[in-house]
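# Topology and contacts: notes
Letter by letter, the chains look like this.
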Amino acid sequence: MAGFLQQIIEGLGAGAIYASLALALVLIYQFTGIVNFAQGEMAMFSTYIAWQFTAGGMPFWLALVLTLAVSFAGGMLIERVLIRPVEGAHELTVVIVSVGLFIFVNAAAGWIWTFLIKDFPNPFPGGAIEAGGLTVGFSTLGILLVVGAVMGLLYLLFQHTKIGLGMRAVATNPESARLVGIRVGWTLALGWGLAATVGAVSGILVAPLLFLEPNMMSGVLIYAFAAATLGGFDSPAGAVAGGLIVGVAETLAGAYAGFIGSDLKIGVPLVIILGVLLVRPQGLFGRAAVERV
Amino acid sequence: MNERAGERGADPGPPGGDAFLTVTDLHAGYGEARVLHGVNLTVGRGEICAILGPNGAGKTTLLRALSGMVRVRGAVRLDGADLTRRPPDAVARRGVAHVPEGRGTFMPLTVEENLRLGAFVRRGRGEVEADLERIHGYFPVLRERLRQPAGSLSGGEQQMLAIGRALMLRPRLLLLDEPSLGLAPIVTRELFRIVQTINEQERTTVVVVEQNAHLALDVAGRAHVLETGRIVLSGSAERIRADEQVAQSYLGYRV
Ligand SMILES: Nc1ncnc2c1ncn2[C@@H]1O[C@H](COP(=O)(O)OP(=O)(O)OP(=O)(O)O)[C@@H](O)[C@H]1O
Ligand SMILES: [Mg+2]
């Protein structure tokens, strides 16, 4: 029983990382209706920036804050320069832009930092807390704390500030938002900035568990897609719940379904994506696509 | 049609000549599609002005042009200030509130959030709180539903919410696009009564686009008839009501 609980907690730790990347996907989808295939690569690039800061001797947490600020600005810039021109264009055009961004960011990271793997410092101490037969690593706890704090801040922003209210207005009815005087263009850029920031958190948290290299996020992105599909692409809370569920499912499958093992684990998100699309395409928390009057 | 405009349609301007809104030779459209072909009209300070016209005449486009939502050529002046080609947020900041066709409700947001969004460009928290109260005075049903998602309101309640949202701006000019759309006649009449009260109590100038010409001419001081992107007739509500062609086309009887 303790072993089972332990697996769940480990799963939540992994799930928190998927949740933050899924949240980034959902934010962009809500604001611009774009499925951003480059979200993982943007997170990877942010992680390299953090690595660069720490490699220069900067303390980790300062590097984190600076990286998040740079990511925020970078996300806004991408929206202004790349996404704005294709706003309202055919869906395929937008998909191509986001795939192009994927390839470009990936190549740029390889060009700047090479494709050799790098060690990324783990900000959390190595030990573990033992209580009631459970052993929970500081690393897992740290991840849960950081992601929890980020989600909490986002919640405050969206629910309790005027800017957050404006952002939700733009996400639900951009036309009407313009009429009440919200600057929709800037709000969309703000959404991209926030998404890039939240995504960066997932990259920086996952990097110590993997190795830092330009393709680091490809697996995480698939899990994040599963999480967003499960929770519903139009529900930020759903994306978070979906991420946690996917993380736990993956960990349990790896531990208990012997035939799956660690090699086939990557199949778990794909099964989830397919299952959700077949049974409940709008996701657990999403609204069914009904025509609005 | 031009002949008709020249003969009877030229805008004599509001009585007393105190024009609050002046639109001069306004052209607007969507891409290649030209919709407005040189609209001229004036609206007096504090008056209710009705815009009548058939489907597709460009009534919605005219309101969108006034609030900066479409690109225009020509001139729009509000109380002497030039509003031409200003973005919607700048126009809102000048006190123009626009209730769009279809109400523009933020469906998943609560009724209260919808109302607060109306005050988005305003500063001064205390005043905004006081205005929430004021709007509950006009629309008591909204107070009972403050925490509900706006999408759960009935059509009539949503239209009240839309007008309430517009009032949160403390507008000097209120633009209403077919407030009666989809509403029962009795609800529409109630709504127009409230608009009239708002106009009287707050001296808000109102431009209302309306298919229900009877109702619009009842509350309006003056009216303009828009056909295929041009004003073909302007005048006092009585004068418009007495016009033979208007009677045939919009009122359903012969004078
Ligand atoms: N977004 C748009 N893109 C292209 N054409 C448009 C757009 N909106 C309106 N039009 C066209 O502009 C013309 C005028 O439309 P508008 O909505 O202003 O008319 P209206 O007088 O408000 O009509 P109704 O009484 O049906 O609301 C129509 O021919 C319409 O097809
Ligand atoms: Mg219309």
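What counts and what doesn't
Residues numbered from 1 in each chain as written. Chains lettered and ligands numbered in written order. Predicted model: local features only at pLDDT ≥ 70, side-chain atom pairs only at ≥ 80, totals over all residues. Heavy atoms only, no water. UniProt positions renumbered as here; feature names shortened; annotations may be inferred. Helix = DSSP H or I, 4+ residues; strand = E, 2+ residues; numbered from the N terminus. Rg over C-alpha atoms; globule rule 2.2 N^0.38 Å. Buried < 20%, exposed > 50% of the residue type's maximum accessible area, 1.4 Å probe, protein only. Contact = heavy atoms within 4.5 Å. Areas by Shrake-Rupley, 256 points an atom, 1.4 Å probe, with all protein chains shown as cover. Lys, Arg positive; Asp, Glu negative; His and termini not counted. Charge placed at Lys NZ, Arg CZ, Asp CG, Glu CD. Expected span 1.5 Å × (residues − 1). Phe/Tyr/Trp six-rings, centres within 6.5 Å; stacked < 30°, edge-to-face > 60°. Buried area = accessible area lost by both parts, 1.4 Å probe. Salt bridge = Lys/Arg side-chain N within 4 Å of Asp/Glu carboxyl O. Polar contact = N/O pair within 3.5 Å; in protein donor to acceptor, adjacent residues only side chain to side chain. Nonpolar A, V, L, I, M, F, W, Y, C, P; charged D, E, K, R; others polar. Near = heavy atom within 4 Å. Pairing = 2+ DSSP bridges. Donors = N, O, S within 2.8 Å, 3.2 Å for Na, K, Ca; no water. Axes fitted to C-alpha atoms, helices over the stretch in contact; angles between N-to-C directions.

An unreviewed UniProt entry lists chain B under the name ABC transporter ATP-binding protein, with Planobispora takensis as the source organism. Regarding chain B, the UniProt comment filed under Sequence similarities (unreviewed entry) reads as follows: "Belongs to the ABC transporter superfamily."

The name recorded for chain A in an unreviewed UniProt entry is Branched-chain amino acid ABC transporter permease, from Planobispora takensis.

Moving on, we come to the overall build of chain A. Helix and strand counts for chain A stand at 11 helices and 2 strands. When the helices and strands of chain A are listed from N to C terminus, the series reads α-α-α-α-β-β-α-α-α-α-α-α-α. Its C-alpha atoms give chain A a radius of gyration of 19 Å, within 12% of the compact-globule value 19 Å for 293 residues. By principal-axis analysis of the C-alpha atoms, chain A measures approximately 60 × 50 × 35 Å. Counting every position in chain A, which comprises 293 residues, the buried fraction comes to 51%. Pairs at least 24 apart in sequence give 75% of the contacts found in chain A among residues at least 6 apart. Surface exposure of chain A reaches about 13300 Å², of which carbon and sulfur atoms provide 72%. If you average the places of the 11 positive and of the 13 negative side-chain charges in chain A, the two averages end up 14 Å apart.

Residues and elements named next belong to chain A. A rise of 1.5 Å per residue sets the reference length of helix 3 (residues 60-83), with its 24 residues, at 34 Å; its end C-alpha atoms lie 32 Å apart and thus fit the reference within 8%. The complete set of buried residues in helix 3 reads F60, A63, L64, T67, L68, S71, G75, M76, I78, E79 and I83. Those residues of helix 3 that are buried lie in contact with helix 2 (39-55), helix 4 (91-113) and helix 8 (184-206).

This brings us to the packing of aromatic side chains. Residues and elements named next belong to chain A. Using the criterion set out here, one finds 10 aromatic pairs over all chains in the structure. Geometrically, the ring pair formed by F60 and F120 is edge-to-face, given 6.3 Å between the ring centres and 85 degrees between the ring planes. Taken together, the residues span a long stretch of sequence, with F60 in helix 3 and F120 in the loop between helix 4 and strand 1 (128-131) at a distance of 60 residues. Each member of the pair, F60 together with F120, is buried.

Taken together, the contact pairs 25 residues of chain B with 20 residues of chain A. Between chain B and chain A, the buried area comes to about 1900 Å², and carbon and sulfur atoms account for 64% of it. The largest share of the area that chain B buries against chain A comes from M69, F106 and F120 of chain B, three residues that together contribute 32% of it. Linking chain B with chain A are 2 salt bridges, by the criterion used here. Here R168 of chain A ties to E113 of chain B by a salt bridge, and the two come within 2.8 Å at their closest N and O atoms. Counting the contacts that link chain B with chain A gives 6 residue pairs in polar contact (both at pLDDT 80 or more). Residue assignment for the side of chain B that touches chain A shows that the elements contributing at least two residues are helix 3 (88-93) and helix 4 (111-118) of chain B. Broken down by class, the residue content of the side of chain B that touches chain A amounts to 12 nonpolar, 6 polar and 7 charged.

With that settled, the discussion passes to the site of ligand 1. All names here are of chain B. What surrounds ligand 1 is a group of 13 residues, the closest being G56, K59, T60, T61 and E101. One nitrogen or oxygen atom from the main chain of G58 is found 2.9 Å from an oxygen atom belonging to ligand 1. The separation between an oxygen atom of ligand 1 and a polar side-chain atom of E101 is 2.8 Å. Its free accessible area being 630 Å², ligand 1 has 59% of it covered by the protein chains. A per-class count over the shell around ligand 1 returns 4 nonpolar, 6 polar and 3 charged.

All names here are of chain A. Two elements, strand 1 and strand 2 (residues 134-137), share 4 bridges in a ladder whose sense is antiparallel. Of the residues in strand 2, the one forming a bridge with A128 is G137. Between strand 1 and strand 2, which pair antiparallel one after the other, the connecting turn spans 2 residues, and G132 there sits at a positive phi close to 55 degrees.

The next thing to look at is the coordination of the magnesium ion (ligand 2). The magnesium ion (ligand 2) binds to the protein through T60 of chain B (OG1) and E101 of chain B (OE); the donor distances cover 1.9 to 2.6 Å. Taken together, the residues span a long stretch of sequence, with T60 of chain B in helix 2 (residues 59-66) and E101 of chain B in the loop between strand 6 (96-99) and helix 4 at a distance of 41 residues.

Strand pairing in a sheet is mediated by backbone hydrogen bonds. Such pairs are either parallel or antiparallel. Residue and element names in this part refer to chain B. Across the sheet, 6 strands lie side by side as 6-7-8-3-9-10; this open sheet has mixed pairing. With partners counted over all chains shown, the strands left at the sheet margins are strand 6 and strand 10 (230-236), one partner each. On average, each strand axis in the sheet is inclined to that of its neighbour by 15 degrees, with strand direction left out of account. Pairing geometry for strand 3 (residues 48-52) and strand 9 (residues 222-227), over 4 bridges, is parallel. Bridge pairing in strand 9 links I51 to H224. Of the strands in this sheet, strand 3, strand 6, strand 7 (173-177), strand 8 (205-209) and strand 9 touch helix 2, which is tilted by about 150 degrees from strand 7.

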